[in-house]
Amino acid sequence: MTLAGAVLIISLVAVWLATSQQSERTLERELEVSERVFAELMDVRAQQLQQAAEVLTTDFGFREAVASGDENTIISALINHGERIGTDLIVLQSPNGEEIAATHTSQLLPTIENLTAGQSAAQLVLVDDEIFQIVTVPVRAPDLIAWATLGFGVDDDFAVLMRQLTHADITFMNRQQRTVFASSLDEAILAQIEDPAIALNMALDNLNLAANVSGFNDIQYALSNDPNLVILFSTDEFAATSEFVTLQQQYLVIALATLILAVLLAMITARKISQPVARLTRAAEQLGAGDYSQPITLQRNDEFGALGAAFETMRQGISQREQQIMYQLQHDLLTGLPNRVSLRDYLSRAIQSKQNGYVVLLNVARFGEVNDRFGQQVGDRLLQMISQRLRDSAPEQWWIGRLAGDEFVLIGEGQSEPQTKALLSAVEQTLSQPWWLDETSYLLEFRAGYLTFPNIGDDADSILRRAQICARQAKQRNAFAVAYEHGMDEQHLRRLQIVQALPSAVREQRLQLHYQPKVNCKDGRIVGVEALLRWRDEHLGVVRPDEFIPLAEQTGEINRLTRWVCTAAFDQLQLWHEQGLQLAIAINLSALDLQWPDLVDFLREGAQKRGLSPQSITLEVTESAVMVEPEQAIKRLTQLREAGFKIAIDDYGTGYASLAQLKRLPVDELKLDRSFIQDIANSHADLTIVRSTLALAHELQLATVAEGIEEESAWQILQQLGCDTVQGYYFSRPLAATQFEQWLRDYQGVSP
């Protein structure tokens, strides 16, 4: 009964509001239509006035009278014509606006410029507290001799006529002075509208009038800038909305009758349906509150029993789906391990408990290459195998989750450092076993970082970030696991600062090239230099190349950096050649540079532009750079060599290039890594490696360069072994261009 009454009341209110709103919209539309009809009628009346004015000005006798200047004749013609067409205002003015003859003084009219500017249409003006619709036309004989202005008065009769045609009352008034010039309203209504003691809007409300107000300056047929001159379109609200009121009253009667009938029916059926409805209502409230634990049972064979069974089926389905959604929300679907959301939640709770523990972050090194080379499906199956081995090797006290694509996290609450190291040892042992998949063995490497909480971090994000820093340190140190040490954050922060400062350093030319001399091993002549990039920042201080070059490769700045280095090196080499120093120059290229499609054209055009021979330019690439994309690297190096540039393999002996790869590479020079040279005088192993490498290079007709010469004994040994070129601190450290030039003069025995 209450529900039925509420529904009826809501329906009644809705219909009442809808009809009221519809009546208001209907009133607005009717007034808008009336306003548009009024505008069209004014246009028709303007056309009639235009035609009448043209008849006057084309009358031969009138033009003769105007041309003669006979005032009596002109006045007679104006009066006769005005009576014939029913005009109330006639003014004749000279071309420059002087009054010739008029029924009203021309000084009350707008200027002749304003009148003639809109001469093609009739316009409304206020003259002597009367409104006229006027038109101004030229009098020609045949040249312009005068302007004739004719006007119809806008009075109450005109307003009544407009009301009959527009179905709305029309009032012309000054709303500030509350002066009515013409209106179709009754005098009693006008008395309240003209009363200055009552605001216009309040007066309209008191009179139950719906109205639209249009200013003279808002319509195209008025010549007035006074914002207080308005046209009021109004209609009686009661008369306009009477049909809607009748509809509301009829619906009220129907609603009351329906309510009485509903009450009677509710009293009859209440006892039969109240209990099952209440039970189902409570069940629905429990479901709405997220409680799916209580089964819904109605031991009935009627519709309520079927409805209860449907509710129970829905409860079971929702409960299962919610459990599935919660599982997917908190777990990684590939491995079944808790995901990042669960990890952060678990770690946050562990930190809040104030109990000491350890976090271990395990990273699969270069796992992206596995996906790229063998496919996503192989990568996914390997991740599943990794997660299973972690479950098998980690004790029950350790919580295991997957943080990201190639990162896993183990959290041990209450675990000590010895227990954590024991875990790492077990994990390393199990992960070092071969990874067989479909009779194929895959090589996987792992790096781990670990730290204690809550001493080193008081929130999950900072702890995980520091664990990732430790894992990166493990990669750099070529170790399986590295513990967090104070100061690692500063190193991480410095890397971020370098990444942020590097683009502006390249853009603002704050980098510098230093040059290390390359010496003929036999006679000690200076045959060239190696261009080495240096960066001194006002905030970061000296930034080493091994700090910013890898970051430039990771952030995509390496291409811009290489272009800057090549441009600066070419410019310096051109300057030295112009000074008579016939030196060669060596420039280092990154692995990513070899993937740049425009590299060959850029270098070729740069050399040609400066008149440099490509043979004087050696491009050095490391073994590791070649092995990133071997086929692409061989293709790009072949193109560079065909363009005339010399190609050198830098740091030879420290990478992964095989002799088979070396045979395929289009190189001119092998550059032995400093690690084999620095202790060559004392290490038989280094001596053997260098001797065999030099013999191999000469058999392949490759030039050889040894870097890292720090003692004369090393130079002498390399001379005996037949090395072609040497460089190192024994001769000179890398120098700025001006310093190198001074060193070269001193070295060659030439005074400055």
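Please refer to the structure placed before this passage.
This text gives an overview of the structure that appears in the document. All values derive from a computational prediction rather than experimental measurement. (Residues numbered from 1 in each chain as written. Predicted model: local features only at pLDDT ≥ 70, side-chain atom pairs only at ≥ 80, totals over all residues. Heavy atoms only, no water.)

## Some thoughts on the overall build of the chain
Step number 1: The helix and strand tally for the chain stands at 24 helices and 25 strands.
Step number 2: Within the chain, the proportion of its 752 residues that are buried is 45%.
Step number 3: In the chain, once contacts between residues fewer than 6 apart in sequence are set aside, the share between residues at least 24 apart is 63%.
Step number 4: Total accessible area on the chain stands at roughly 39,400 Å², and carbon and sulfur atoms take up 50% of it. (Helix = DSSP H or I, 4+ residues; strand = E, 2+ residues; numbered from the N terminus. Buried < 20%, exposed > 50% of the residue type's maximum accessible area, 1.4 Å probe, protein only. Contact = heavy atoms within 4.5 Å. Areas by Shrake-Rupley, 256 points an atom, 1.4 Å probe, with all protein chains shown as cover.)

## Brief notes about the pairing of strand β20 (residues 584-588)
Step number 1: In terms of strand pairing, strand β18 (residues 526-537) meets β20 through 3 bridges, oriented parallel. Looking at β20, one finds that V529 is bridged to I585.
Step number 2: Both β20 and strand β21 (residues 617-622) contribute to a ladder of 4 bridges, which runs parallel. What sits directly across from I587, in β21, is L619. (Pairing = 2+ DSSP bridges.)

## A word on the pattern of salt bridges
Step number 1: Evaluated as defined, the whole model comprises 23 salt bridges.
Step number 2: E445 is the partner of R366 in a salt bridge, and the nearest nitrogen-oxygen pair spans 3.6 Å. On the criterion of sequence distance, the pair formed by R366 in the loop between β10 (357-365) and α11 (367-374) and E445 in strand β15 (residues 445-453) is long-range, its members being 79 residues apart.
Step number 3: Residues D537 and R510 are paired through a salt bridge, measuring 3.2 Å at the closest nitrogen-oxygen approach. One end of the pair, D537, is in strand β18; the other, R510, is in the loop between α15 (488-507) and β17 (511-520), and 27 residues separate them in sequence.
Step number 4: One network of salt bridges, with partners in common, ties together K518, E530, E620, E669, K671, R674 and E707. (Salt bridge = Lys/Arg side-chain N within 4 Å of Asp/Glu carboxyl O.)

## A closer look at the packing of aromatic side chains
Step number 1: Scanning all chains against the criterion turns up 13 aromatic pairs.
Step number 2: Between the aromatic rings of W715 and Y730, the centroid separation amounts to 6.1 Å while the plane-to-plane angle is 55°, which identifies the pairing as tilted. Placement of W715 in helix α23 (residues 712-721) and of Y730 in the loop between β25 (725-727) and α24 (737-747) is noted, with a sequence separation of 15 residues between them.
Step number 3: Look at W715 and you get buried, because its relative accessible area is 14%.
Step number 4: On the basis of relative accessible area, Y730 is assigned to the partly exposed category, the value being 32%.
Step number 5: Ring centres of F740 and W743 lie 6.0 Å apart, and the angle between their planes is 25°; this geometry places the pair in the stacked category. Taken together, the positions of F740 and W743, both in helix α24 and 3 residues apart, correspond to about one turn of that helix.
Step number 6: The exposure class of F740 is buried, given its relative accessible area of 0%.
Step number 7: Taken together, Y515, W576, F740, W743 and Y747 form an aromatic cluster joined through their ring pairs.
Step number 8: R389 extends its terminal NZ or CZ atom over the ring of W435, reaching a point 3.6 Å from the ring centre. (Phe/Tyr/Trp six-rings, centres within 6.5 Å; stacked < 30°, edge-to-face > 60°. Lys NZ or Arg CZ within 6 Å of the ring centre and 35° of its normal.)

## Considerations on the layout of surface pockets
Step number 1: One number sums up the size of the second largest pocket: a volume of about 350 Å³.
Step number 2: What lines the second largest pocket is a set of 12 residues, and nearest its centre among them are R366, E369, V370, R373 and L443.
Step number 3: With 4 residues, the top contributor of residues to the lining of the second largest pocket is α11. (1 Å grid on protein atoms, 1.4 Å probe; cavity = no way out; pocket = protein on both sides within 12 Å on 5 of 7 lines; lining within 4 Å. Points joined across faces, edges and corners; volume = space filled by probe spheres on them.)

## Digging into the sheet that holds β15
Step number 1: A sheet is described by the order of its strands in space; here 5 strands give the open sequence β11-β12-β10-β15-β16, paired in mixed fashion. One side of each edge strand has no neighbouring strand; the edge strands of this open sheet are β11 (398-404) and β16 (481-483). Here the average twist between neighbouring strands, direction ignored, is 20°.
Step number 2: Of the strand pairs in this sheet, β10 and β15 are connected by 9 bridges, and their pairing is antiparallel. When the bridges of β15 are listed, L361 appears paired with G449. (Axes fitted to C-alpha atoms, helices over the stretch in contact; angles between N-to-C directions.)

## Remarks on the state of the cysteines
Step number 1: Per the counting criterion, the structure on display carries 0 disulfides.
Step number 2: Lacking any disulfide linkage, C723 is separated from the closest cysteine sulfur, that of C521, by 4.9 Å. (Disulfide = S-S within 2.5 Å.)

## Some details on a negative patch on the surface
Step number 1: On the surface, D88, D128, D129, E130, D155, D156, D157, D186 and E187 cluster together into a patch of negative charge.
Step number 2: Locating D129 in the fold gives a position in the loop between β3 (123-127) and β4 (130-140). (Patch = residues over 30% accessible without salt bridge, like charges linked within 9 Å, V, L, I, M, F, W, Y side chains within 5 Å. Lys, Arg positive; Asp, Glu negative; His and termini not counted. Charge placed at Lys NZ, Arg CZ, Asp CG, Glu CD.)

## Digging into the sheet that holds β4
Step number 1: What the 5 strands build is an open sheet, ordered β2-β1-β5-β4-β3; its pairing is antiparallel. Strand pairing shows two members of the sheet lacking a second neighbour, β2 (99-102) and β3, which therefore form its edges. Strand-to-strand twist in this sheet, taken as the mean axis angle between neighbours without regard to direction, amounts to 30°.
Step number 2: In this structure, β4 lies alongside strand β5 (residues 144-154), joined through 10 bridges in antiparallel fashion. Residue pairing for β5: Q133 is matched across the bridge by F152.
Step number 3: In the packing of helix α2 (residues 60-68) onto the sheet, contacts are made with β1 (89-93), β4 and β5, and the angle to β5 comes to roughly 120°.

## Considering helix α12 (residues 376-393)
Residues spaced three or four apart along an α-helix face the same direction, because each turn holds 3.6 residues.
Step number 1: Its 18 residues place the ends of α12 26 Å apart at the C-alpha level, agreeing with the 26 Å of an ideal helix rising 1.5 Å per residue.
Step number 2: Among all positions in α12, only V378, G379, L382, L383, I386, S387, R389, L390 and S393 are buried. (Expected span 1.5 Å × (residues − 1).)

## Re the pairing of strand β22 (residues 646-652)
Step number 1: In terms of residue burial, β22 counts as a mostly covered element, since 5 of its 7 residues are buried.
Step number 2: Here β21 pairs with β22 via 5 bridges, running parallel. Paired with V621 across the bridge in β22 is I649.
Step number 3: Pairing between β22 and strand β23 (residues 669-672): 3 bridges, direction parallel.

## Things to note about the nonpolar core
Step number 1: Core analysis: the biggest nonpolar cluster contains 79 residues, and W535, L640, L718 and V726 have the highest contact counts within it.
Step number 2: In terms of residues, this core owes the most to one element, helix α17 (residues 558-578), which gives 9 residues.
Step number 3: For V726, the contacting residues outside a window of four places in its chain are P517, K518, V519, C521, A706, I709, W715, L718 and F731. (Core = buried A, V, L, I, M, F, W, Y, C linked by side-chain atoms within 4.5 Å.)

## Overview of the side chain of E530
Step number 1: Inspection of the secondary structure assignment puts E530 in strand β18.
Step number 2: Among the polar contacts made by the side chain of E530, one reaches the side chain of N588 at a distance of 3.0 Å.
Step number 3: Among all residues touching E530, those that are not within four sequence positions of it are H514, Y515, Q516, K518, A586, N588, E620, K671 and Q727. (Polar contact = N/O pair within 3.5 Å; in protein donor to acceptor, adjacent residues only side chain to side chain.)

## As for α2
Step number 1: For α2, the full list of buried residues reads F62, A65 and V66. Down the axis of α2, the buried set is contained in an arc of 95°. They therefore lie on one face. Residues of α2 that are exposed and angled more than 90 degrees away from the buried face: F60, A67 and S68.
Step number 2: Just beyond α2, the residue with positive phi is G69, at close to 80°. (Arc of directions from axis to C-beta.)

## A few points about unusual backbone geometry
Step number 1: Between F453 and the following residue, P454, the backbone shows a cis peptide bond with an omega angle of 0°.
Step number 2: Locating P454 in the fold gives a position in the loop between β15 and α14 (460-477).
Step number 3: Positive phi values are uncommon outside glycine, yet K354 reaches one of about 65°.
Step number 4: By the secondary structure assignment, K354 is in the loop between α10 (340-352) and β10.
Step number 5: A positive phi angle, near 55°, is found at D438, a position not held by glycine.
Step number 6: Relative to the helices and strands, D438 resides in the loop between β13 (435-437) and β14 (440-442).
Step number 7: Taking the relative accessible area as the measure of exposure, D438 reaches 57% and is therefore exposed.

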